[in-house]
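# What the coordinates show
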Amino acid sequence: GLRNGPDYRDGVVYYPIDAEPPFKSIIFTPGYGGGSSSMSDWGQYFASHGFTAMIIGPNDEINEWHIGRAEGLIDAIETVKQENERVSSPLYGMIDENSFIVSGYSMGGGASQIALTLDHPNVTLIKGGIALNPTILLEDCGLCPEEDGYCICLVPEMLNHAIPTLIVAGQFELNELPDYDGLLGQDIYENTPETTVKMLFEVANGGHGSSYESEAREKALQWAKYHLLDDYGICETLIEQPSIASEFQTTLNCEQESP
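Anyway, here's the lowdown on the structure attached to this text.

Calculation criteria
- Residues numbered from 1 in each chain as written.
- Predicted model: local features only at pLDDT ≥ 70, side-chain atom pairs only at ≥ 80, totals over all residues.
- Heavy atoms only, no water.
- Pairing = 2+ DSSP bridges.
- Helix = DSSP H or I, 4+ residues; strand = E, 2+ residues; numbered from the N terminus.
- Axes fitted to C-alpha atoms, helices over the stretch in contact; angles between N-to-C directions.
- Patch = residues over 30% accessible without salt bridge, like charges linked within 9 Å, V, L, I, M, F, W, Y side chains within 5 Å.
- Areas by Shrake-Rupley, 256 points an atom, 1.4 Å probe, with all protein chains shown as cover.
- Salt bridge = Lys/Arg side-chain N within 4 Å of Asp/Glu carboxyl O.
- Parallel < 35°, antiparallel > 145°, perpendicular 65-115°, else oblique.
- Left-handed = near helix turned anticlockwise from the far one by under 90°.
- Contact = heavy atoms within 4.5 Å.
- Nonpolar A, V, L, I, M, F, W, Y, C, P; charged D, E, K, R; others polar.

### Quick word on the sheet that holds strand β7 (residues 198–203)
In space, the eight strands of this open sheet follow the order β1-β3-β2-β4-β5-β6-β7-β8, with mixed pairing throughout. Lying at the two open borders of the sheet, with one neighbouring strand each, are β1 (9–14) and β8 (245–250). The average undirected angle you get between the axes of adjacent strands in this sheet is 15°. Taken together, the six bridges between strand β6 (residues 165–170) and β7 define a ladder with parallel strand orientation.

Written out as structure tokens, the structure reads:
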């Protein structure tokens, strides 16, 4: 009975069986060439910590890129909201319909950042983003110089939003993805407004899969607990530099943000 949204496919919802509702929710979308199942470990991980976690895939794993995946994340929010209203759903009446995080890996990580800027009512329900080794491609011939027939760049005007965002990137990710020079996690952090609560966790010696390190996963969980569960007591731990970080930056100020 799970809704099959038009902007994604193969949606699966993981949910806790021994946590106290209403559940806060997080949506994951995969990288290039990956379907929803490639994010199943992330879905299971967050469900094991008391969240509803939905994994989705793009309608076209090869030809649907960043913006299409961002639209899929927004569409999936609608699906989770409807589970709260569907009488036959195991989550009927158990979901907080106003609290979501959007996330993804690689191309999906960049999509999570684009989703934060979209003009859609569901964006107002997003309390945070988690970008896992993100790549980002945005074309705008008004803002970017044309090269080889394309106008692709990353400038602050493209990421003008106020939604808290965590970015996990690898120190040597560019070695694996030289074509994405200026379009990786460190660049997303730099072009996100300083007035936005943001965090960059660069994994020392890490490549394009560094977000799967245990400390990176723990930091993502802390981010979700802080921004979805209002666990303000975790703030000092959240802003503590991980032992495997080659670079760690944040604009989060625990004294200013916590009540």
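### Focus: a nonpolar patch on the surface
On the surface, Tyr32, Ile62 and Trp65 cluster together into a nonpolar patch covering about 310 Å² of accessible area. The residue Trp65 is located in the loop between β3 (52–57) and α2 (66–85) in this model.

### Looking at unusual backbone geometry
Omega for the bond connecting Pro21 with Pro22 falls within 30 degrees of zero, at 5°, which places this linkage in the cis form. Looking at the secondary structure, you find Pro22 in the loop between β1 and β2 (23–29). One non-glycine residue, Asn133, lies in positive phi territory at about 45°. Structurally, the position occupied by Asn133 is in the loop between β5 (126–132) and β6. In this structure, Asp148 is a non-glycine residue whose phi angle is positive, near 55°. By the secondary structure assignment, Asp148 is in the loop between β5 and β6.

### Notes on the packing of α2 against helix α3 (residues 107–115)
Two quantities define a packed helix pair, namely the angle between the axes and the distance from one axis to the other. Two elements in contact, α2 and α3, have axes separated by 8 Å at closest approach and are oriented at 65°. The orientation of α2 relative to α3 falls into the category roughly perpendicular. Considering how the two elements wind past one another, α2 and α3 form a crossing that is right-handed. Between α2 and α3, the residues in contact are His66, Ile67, Arg69, Ala70, Leu73 and Ile74 and Met107, Gly110, Ala111, Ser112, Ile114 and Ala115, respectively. For the contact of α2 with α3, the per-class residue count stands at eight nonpolar, three polar and one charged.

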